[in-house]
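What follows is the residue order along each chain.
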Protein chains: 2
Amino acid sequence: VRIWVPYSEFVADVEALAPDIEVDVYKGDTVPASIGDVEFFVTPYAVTPEALVVTADMPRLRVMQTLSAGYEHALPYLPAGVTLCNARGVHDASTAELALALMLASLRRIPEFVRNQERHEWRGAQYPALADKHVLILGYGSIGAAIEQRLLPFEATVTRVARRPRPQDGVHGIAELPHLLSSADVVVLVMPLTAETKRLVDADFLARMKTGALLVNVARGGIVDTDALLDALEVGAVRAALDVTDPEPLPEDHPLWDAPGILISPHVGGNSSAFLPRAHRLVREQVARFVNGEPLANVVAGPGVVSSGTPRDVGAARE
Amino acid sequence: VRIWVPYSEFVADVEALAPDIEVDVYKGDTVPASIGDVEFFVTPYAVTPEALVVTADMPRLRVMQTLSAGYEHALPYLPAGVTLCNARGVHDASTAELALALMLASLRRIPEFVRNQERHEWRGAQYPALADKHVLILGYGSIGAAIEQRLLPFEATVTRVARRPRPQDGVHGIAELPHLLSSADVVVLVMPLTAETKRLVDADFLARMKTGALLVNVARGGIVDTDALLDALEVGAVRAALDVTDPEPLPEDHPLWDAPGILISPHVGGNSSAFLPRAHRLVREQVARFVNGEPLANVVAGPGVVSSGTPRDVGAARE
């Protein structure tokens, strides 16, 4: 069974799973000679989509496994009958952690202290704490739940909102947003970018936020209408801490860089030391399922059950 | 019963506790005319010690209540027979929160992003997460426990160290430090400054830390030997995030400002929006105990039980 992985750190562990497993490393550049034999392709994490054109030359491919939660970029390169799995869960710890880091840094004014440090200025005052704050988590999936878990010990309270209401889990639907927004001190965006969520944070949304409330975006830049946010920042209506922007990367001459009350990190939510061990664990588990003929986890397209050594069923639907 | 408080926000609530309570506000400057009647004196939070000389003119004083956990500054102004109470617990949420804010900001490189933002540079890379890190909490009292509570959901592990070992609580003694230090990715200082802890973090301590480990100080600057820390920072042996320094405030020309891998906040651990509601609650509870003749909480010097309307017992010892 030929497997491709993007990190040499994964090779030994994956080969140890069964005697007939052979692993090559493909980082998105040099194409290994085994391309005709690949059955299980763990795609490189952050590459241009072109790195995935190789799937056209993989007649024996059965599984594409992304290392990101998002998989829109992989769909155009998914051959018929091949199963696509995403990395749901792998980035929860890292992304939830960055959401808290951005929130705490912005509220407690760490950016101001960094700038004062550059000027050798010792200047403190009383700043907001996260304690006693009301946080609205917009997109209550696995990362949203991980953010909540980290928030509660800070003596903050949480309101859960998702696209569809789930009353049994205390999750409000997006339709309730207009009356929920006005009571939140912090609004965290962590939902996927879809037609429904595109520019959800527009002038009306921002106007409903409490004056001086903090908007944190660890999801996708396109969920926020950047021009509307700029207007709200300029008049001090809100503050913002963004790990993602629209456009992204933010061009050097973009006015968002210097907007008042903003903290920008360069899309590093999922990319931290927490990533590799969790990605490694997922790949090991998925390859083990594959060679043992067990159902794969995180199937997002293609057949749900697939196993090594049987031919691709081009007509199979997702189970 | 005449009470002095340092914030006008406290007045109405405290006066509502009993019909004969009268409250004046003393912020450390203008001395209210009621000085001869004060029985319960809530001292201003951050003032020069001279603001406390007023106790010499308070013949009816029974209780001095600080709003800080530290009370060394109040002892010289504590008349014989007067009970001194500190604000243990009031700053836990705020200080523990800042410890996490400093830790997360330093690990996830928020200071670097702030500097890149000033230069309009979008530049990410893989940085350390708090997840999977081993954190040593040095000073496992109420703030130490509050730090631990906030740390655990981040998938970090914690080792507890205090001046005296408390094996039943899993707390190691300071004598075990030499072998505990080498396994910690983050060391948080949160113990009081005493003769025993003064310059505890010296060249030997720093040399035992893991290369690149992070030292966080939310306790007192004097616990760290600043020159030794400077040397360790210069060679990249450790990183640091300090809310307190020695000397403090840090003079404009001090080399610590520009040391590599350092983040400095201007002693704002206890001073955040979390402070006032918790201080307010403590003052309300303590004055209620006082007028009802119940034992006071947080007695650190003087008689433990004291009540309004009885004369000072100058010979009384702390219970």
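Scoring rules and cut-offs
Residues numbered from 1 in each chain as written. Chains lettered and ligands numbered in written order. Predicted model: local features only at pLDDT ≥ 70, side-chain atom pairs only at ≥ 80, totals over all residues. Heavy atoms only, no water. Phe/Tyr/Trp six-rings, centres within 6.5 Å; stacked < 30°, edge-to-face > 60°. Helix = DSSP H or I, 4+ residues; strand = E, 2+ residues; numbered from the N terminus. Lys NZ or Arg CZ within 6 Å of the ring centre and 35° of its normal. Core = buried A, V, L, I, M, F, W, Y, C linked by side-chain atoms within 4.5 Å. Buried < 20%, exposed > 50% of the residue type's maximum accessible area, 1.4 Å probe, protein only. Contact = heavy atoms within 4.5 Å. pLDDT = per-residue confidence, 0-100. Pairing = 2+ DSSP bridges. Axes fitted to C-alpha atoms, helices over the stretch in contact; angles between N-to-C directions. Right-handed = clockwise from strand over helix to strand, strands pointing away.

For any two aromatic rings, the description comes down to two numbers: the centre-to-centre distance and the angle of the planes. Tallied over the full model, the rule gives 18 aromatic pairs over all chains. When the ring of Tyr26 of chain B is compared with that of Phe41 of chain B, the centres are 5.9 Å apart and the planes differ by 50°; the resulting orientation is tilted. Of the two residues, Tyr26 of chain B sits in the loop between β2 (22-25) and β3 (38-42) while Phe41 of chain B sits in strand β3, which places them 15 residues apart along the sequence. Within the aromatic cluster, the residues linked to one another by ring pairs are Tyr7, Phe10, Tyr45 and Phe275 of chain A. Taking NZ or CZ as reference, Arg150 of chain A lies 5.5 Å from the ring centre of Phe154 of chain B, over its face.

This paragraph deals with the nonpolar core. Nonpolar side chains in soluble globular proteins generally cluster together in the buried interior. Core analysis: the largest hydrophobic core is formed by 70 residues, its most contacted members being Leu130 and Ile147 of chain A together with Leu130 and Ile147 of chain B. Residues contacting Ile147 of chain B, with those up to four places away along its chain left out, are Ala96, Ala99, Leu100, Ile137, Val188 and Val190 of chain B.

The next subject is the confidence of the model for chain A. Put simply, chain A has an average pLDDT of 94, and 95% of its residues get 70 or more. Overall fold confidence for the complex sits at a pTM of 0.89, while the interface term, ipTM, reaches 0.89.

Let us look at the sheet that holds strand β7 (residues 157-162) of chain B. The strands making up a sheet associate through backbone hydrogen bonding, with each pair oriented either parallel or antiparallel. Residue and element names in this part refer to chain B. As summarised here, the arrangement of the 7 strands in space is β8-β7-β6-β9-β10-β11-β12, forming an open sheet in which the pairing is parallel. The open sheet is flanked by β8 (171-173) and β12 (262-264), the only strands paired with a single partner. Within this sheet the neighbouring strands show an average axis-to-axis angle of 20°, counted without direction. Pairing analysis gives 5 bridges linking strand β6 (residues 134-138) to β7, with the strands arranged parallel. Within β7, the position partnered with Val135 by the bridge is Val158.

Looking now at the side chain of Thr226 of chain B. Among the structural elements, Thr226 of chain B can be located in helix α7 (residues 226-234). Filtering out sequence-adjacent residues up to four positions away, Thr226 of chain B remains in contact with Asp246, His254 and Leu256 of chain B.

Let's shift gears to the pairing of strand β10 (residues 213-217) of chain B. Side-chain direction in a regular strand flips from residue to residue, so the side chains alternate between the two faces of the sheet. All names here are of chain B. In terms of burial, β10 is a largely internal element, 5 of the 5 residues being buried. Side chains Ala213, Leu215 and Asn217 project from β10 onto one buried face, and the interleaved Leu214 and Val216 project onto a second face that is buried too. Sheet topology note: the strand β9 (residues 186-189)/β10 ladder contains 4 bridges and is parallel. Along β10, the bridge assignment pairs Leu189 with Asn217. Since β9 and β10 lie parallel, the crossover through helix α6 (residues 203-208) that links them has a hand, and here it is right-handed. Pairing geometry for β10 and strand β11 (residues 238-242), over 5 bridges, is parallel. By the bridge assignment, Leu214 is partnered in β11 with Arg239. With α7 bridging β10 and its parallel neighbour β11, the resulting β-α-β unit is right-handed.

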